[in-house]
Protein chains: 4
Amino acid sequence: MEPIRVGVLGARGKMGSEAVRALGEAADTELVTEINREDSLRGLSEAGVQVAVDLTHPDSVMDNLAFCVEHGIHAVVGTSGVGTEELSRIQGWLGEQPRIGVLVVPNFAIGAVLAMKFSEIAARYFDSAEIVESHHPRKADAPSGTAARTARMISQARAEAELGPMPDATTRDPGGARGAEIDDVHVHAVRMTGLVAHQEVLFGTEGETLTVRHDSYDRRSFMPGLLLAVREVGRREGVTVGLDPLLGL
Amino acid sequence: MEPIRVGVLGARGKMGSEAVRALGEAADTELVTEINREDSLRGLSEAGVQVAVDLTHPDSVMDNLAFCVEHGIHAVVGTSGVGTEELSRIQGWLGEQPRIGVLVVPNFAIGAVLAMKFSEIAARYFDSAEIVESHHPRKADAPSGTAARTARMISQARAEAELGPMPDATTRDPGGARGAEIDDVHVHAVRMTGLVAHQEVLFGTEGETLTVRHDSYDRRSFMPGLLLAVREVGRREGVTVGLDPLLGL
Amino acid sequence: MEPIRVGVLGARGKMGSEAVRALGEAADTELVTEINREDSLRGLSEAGVQVAVDLTHPDSVMDNLAFCVEHGIHAVVGTSGVGTEELSRIQGWLGEQPRIGVLVVPNFAIGAVLAMKFSEIAARYFDSAEIVESHHPRKADAPSGTAARTARMISQARAEAELGPMPDATTRDPGGARGAEIDDVHVHAVRMTGLVAHQEVLFGTEGETLTVRHDSYDRRSFMPGLLLAVREVGRREGVTVGLDPLLGL
Amino acid sequence: MEPIRVGVLGARGKMGSEAVRALGEAADTELVTEINREDSLRGLSEAGVQVAVDLTHPDSVMDNLAFCVEHGIHAVVGTSGVGTEELSRIQGWLGEQPRIGVLVVPNFAIGAVLAMKFSEIAARYFDSAEIVESHHPRKADAPSGTAARTARMISQARAEAELGPMPDATTRDPGGARGAEIDDVHVHAVRMTGLVAHQEVLFGTEGETLTVRHDSYDRRSFMPGLLLAVREVGRREGVTVGLDPLLGL
């Protein structure tokens, strides 16, 4: 089988340079062009790119996508800033190009996507659920966005399963050791030199506990998900959000 | 809604007495009779039992099931010794009683069932997978049956995803520290005073790891799964094996 | 060697009945009398008790100790309510009986004592330290007393090593996910069905982390420490507090 | 206080370049010269070096040390290949230079040193002890040297405490899931993409477990130990092996 011809936009950025490396190493993809800020997008069509990977900036991503759709190039988008409004604009463009796939991926780490999905499934079967996320101490927000999203998914799954409130007899907690409550799920944030990005979702019922833990050490963890996206985007017409549907979840 | 009328066979055994307690406490079940070795099975029909829970012995379970099916009583089976041959005999009996459900459950611990299923799903996305199971030191077999089954499921999922062999440069391991290989998955067994039954399934790829851990402390951990089985068996005609289909997995 | 002749005060209580079992099973101790509320303390001297184990109540412990010291019986005290003032009263009594040992033990779990000591040692070598304690959901206080004590020991060890404040760039934590600060150490409390009593102390510096974890499942975990105390109290004249000195720490 | 004047031998190597960075950043050390293979050792004395850090090669380390001792320069040695015989040669040289300190450090990771020491202390109080070490899949040996050393220390501590054999009822283990036995301590080795170097030492007794876990992510984890060695070597005359005595252990 011919390798997929890929172009990377934002190839000099942190994610971009990892993507260049990973796409160069994979047997079934061929990196045919790298586009940086100063380059014309025409480089994509001139190089016969089949799949463009956008790892640029919220300011440029929509222009890049417009060009790709117009020129019949599938797109994988790792850039942030593609919200509900942007998604419907893209869907509009795709009316003219129904064969083209655009895959917008908020998180390329397959492990993180699976951990969140597993947490959502488990949530309905346990009396208790809490989250402990641990990160390097340079992080400004607590808890992490992933932990907050996971808490909301757990809370919704519990509500759908008509579970009552979690048992908790705490009557004295002067310092707030029970952490943040996000939609009734307690979330704890550890900040520590030596750590990178970690999350533990704990579930408990009578006599047993279940723990789903994800440890992310560096940007390379995004590459298997990025390669999966590049391989699959051509088989999915229209707009897809997240890796979940590609993982059969 | 009327509570489900339940009878427990083997009510004085370890699992049986836990089941009696749990069914008595639940709001939507009513324990209407307990049947022990010396009691006639007619006690089930006399008490108007809708769901029988068999927690007896491989020698008696098939007679018990024959009685239940004949008398239109749904059955949840936690007794071991119901293999392929027994399942097809039961299916034969159910030809006469198509409305009756028989649910055979090798493992009532919902956490264990979920952990195994999650491991099967994750297996196809990671370069490496290993299992560390830890039990009390009175256990005769290593590794545990659950660990061996999980290893086989992981191996099969990897094969279906056409993953190659796991990376492993070990050239010197005189004492066998790399553990047992079950279908190419390395399995490690810890035996330790103070522990009960624990399993950790580890997955790794570039820059990230995913861990699914299940800790089981006592027989009460089987009760949420047993209650789920009692609630659902009446809605599932025919023979069902395992909690997985009830968990929507 | 002759077994040590032991009497248990409060033998019918939860701890007492465990102690009766453990002292009966050990080869080097002989349980010669059990004293309950209605029994006279003279039973101790009549039975030739060498070591008394007090597992009664704050209201009775001082009377019991007065009797023991007067009658030349060493005492191991697991009852709470022996504070600074009580300790100096006991020391006064021992002026008359310099050969007698009284060992007051706030926590018999050797694992917990070691975990706390290890945390104190490690504290001076790491940039960051945090505590995650996890308990059953019937607990009223958060964090646990052990976690609070551990935090204070870590904080003091850091001060003695002249470490500066821990790195933490958190600027946004609307819900309090960073937990309680006890003397500058962040402490997180998880409450969950299925858990008993667990504590994880995490240390981090550039490129490495160290974790000391203690899991306590039931009252039996106090018995090795209680037996150690019974064996050692006769060799330590005067008042000793805690198992630490017996552990060579 | 004047900063300590430090020279690094082997400054271009992996450890060397990390050391150059760390010594440059620390407030109380001044990196005054870097010596590489092509440079003369006289650079050390010409630069007024007080402490030399040898991170070279087993072939050159003894010549370097001879020079340092002769010229009154304290030495911290991170190079391997300094065994019993080499140590006594160094001790001979120091007869002429009694004020000089030579500190030979097999492992600069303070966390690893503490973890090993804690394991040795805990070993005497628990019925069971096992080790699970986990590394990247490019490692040739199983188990790791650190795991084997830890197992031997645990075994010796148990023998000194006159503990009997660990409880283990395993009668069937066809594939070797119980791992390697090193001096009666079971050791398990996990190899997995995404991991770096990790070790978990597990201890169990009735009703409780204690776990000491060390995670090492990169070479930077050696720098706090290296800085400690540089600061302390001048205060310790003669030969010292390992960081343990500097940590007050």
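Since the structure is predicted, the reported quantities are computational estimates derived from the model, not experimental observations.

### A short note on the overall build of chain A
Scanning chain A from terminus to terminus reveals seven helices and 11 strands. For chain A, the spread of C-alpha atoms along the three principal axes comes to 65 × 40 × 35 Å. Counting only residues that meet the buried cut, chain A has 56% of its 249 residues in that class. Looking at chain A alone, contacts between residues at least 24 apart form 73% of all its contacts between residues at least 6 apart.

### Re the interface of chain A and chain C
Facing the 43 residues of chain A at the interface are 43 residues of chain C. For the pair chain A and chain C, the two sides together bury roughly 3,000 Å², of which 58% comes from carbon and sulfur. Three residues stand out in chain A for area buried against chain C, namely A177, M192 and T193 of chain A, and they jointly supply 20% of the buried area on that side. Connecting chain A to chain C are two salt bridges. With a shortest N-O distance of 3.7 Å, R172 of chain A and D141 of chain C are connected by a salt bridge. At the level of elements, β6 (128-135), β8 (185-191), β9 (197-205) and β10 (208-216) of chain A are the ones that each hand at least two residues to the side of chain A that touches chain C. At five residues, the largest contribution of residues to the side of chain A that touches chain C is made by β8 of chain A. For the side of chain A that touches chain C, a count of residues per class yields 18 nonpolar, 13 polar and 12 charged.

### Description of the relation of the copies chain A and chain C
Overlaying chain A on chain C yields an RMSD of 0.1 Å, the required transformation being a rotation through 180° with an accompanying axial translation of 0.0 Å. These values place the two chain copies in the arrangement generated by a two-fold rotation axis. Scanning chain A for the C-alpha nearest the rotation axis identifies G179 of chain A, at a separation of 2.4 Å. Here 100% of the contact residues of chain A are again contact residues in chain C; the copies associate through an equivalent surface.

### Some thoughts on the environment of C68 of chain A
Residue and element names in this part refer to chain A. Tracing the backbone through its elements, the reader meets C68 in helix α3 (residues 61-70). Taking the C-alpha atoms as reference, C68 lies 46 Å from L163; in sequence the two are 95 residues apart. Not counting residues up to four positions away in its chain, the partners in contact with C68 are L44, A52, I73 and A75.

### Points about the interface of chain D and chain C
The interface is formed by 31 residues belonging to chain D together with 32 residues belonging to chain C. Surface buried jointly by chain D and chain C totals about 2,500 Å² across both partners, of which 61% is contributed by carbon and sulfur atoms. When the buried surface of chain D facing chain C is broken down by residue, F118, Y125 and E208 of chain D rank first, second and third, together holding 25% of it. There are two salt bridges connecting chain D and chain C. A salt bridge links R220 of chain C to E206 of chain D; the nearest nitrogen and oxygen atoms lie 3.0 Å apart. Applying the counting criterion to the chain D and chain C interface returns 16 residue pairs in polar contact (both at pLDDT 80 or more).

### Comments concerning the domain arrangement of chain A
Interface size is often expressed as the accessible area that is lost when the parts come together. Residue and element names in this part refer to chain A. Domain boundaries assigned for chain A yield domain 1 (4-108 + 220-247) and domain 2 (110-217). Computed from C-alpha atoms alone, the centre-to-centre distance between domain 1 and domain 2 is 32 Å. With nine residues of domain 1 at the contact, the number on the domain 2 side is six residues. Roughly 610 Å² of surface becomes buried between domain 1 and domain 2 when both sides are summed, with 64% attributable to carbon and sulfur atoms. Together, N107, D244 and L247 form the three largest contributors to the area buried by domain 1 at its contact with domain 2, with a combined 62%. At the junction of domain 1 with domain 2, the criterion picks out zero salt bridges.

### Examining the UniProt feature "active site" (unreviewed entry) in chain A
Taking the UniProt record as the reference, the feature "active site" (unreviewed entry) is found at H135 and K139 of chain A. Following the sequence through the fold, H135 of chain A ends up in strand β6. Relative accessible area serves as the criterion here: at 10%, H135 of chain A is assigned to the buried category. Within the structure, the side chain of H135 of chain A is placed 2.8 Å from the side chain of E133 of chain A, a separation counted as a polar contact. Secondary-structure assignment places K139 of chain A in the loop between β6 and α6 (145-160). Leave out the neighbours within four places in its chain, and K139 of chain A touches S144 and R191 of chain A together with A169 and T170 of chain C.

Reading guide: rules and limits
- Residues numbered from 1 in each chain as written.
- Chains lettered and ligands numbered in written order.
- Predicted model: local features only at pLDDT ≥ 70, side-chain atom pairs only at ≥ 80, totals over all residues.
- Heavy atoms only, no water.
- Helix = DSSP H or I, 4+ residues; strand = E, 2+ residues; numbered from the N terminus.
- Buried < 20%, exposed > 50% of the residue type's maximum accessible area, 1.4 Å probe, protein only.
- Contact = heavy atoms within 4.5 Å.
- Buried area = accessible area lost by both parts, 1.4 Å probe.
- Salt bridge = Lys/Arg side-chain N within 4 Å of Asp/Glu carboxyl O.
- Nonpolar A, V, L, I, M, F, W, Y, C, P; charged D, E, K, R; others polar.
- Least-squares fit on C-alpha atoms with pLDDT ≥ 70 in both.
- Polar contact = N/O pair within 3.5 Å; in protein donor to acceptor, adjacent residues only side chain to side chain.
- Domains from an automatic or database assignment.
- UniProt positions renumbered as here; feature names shortened; annotations may be inferred.

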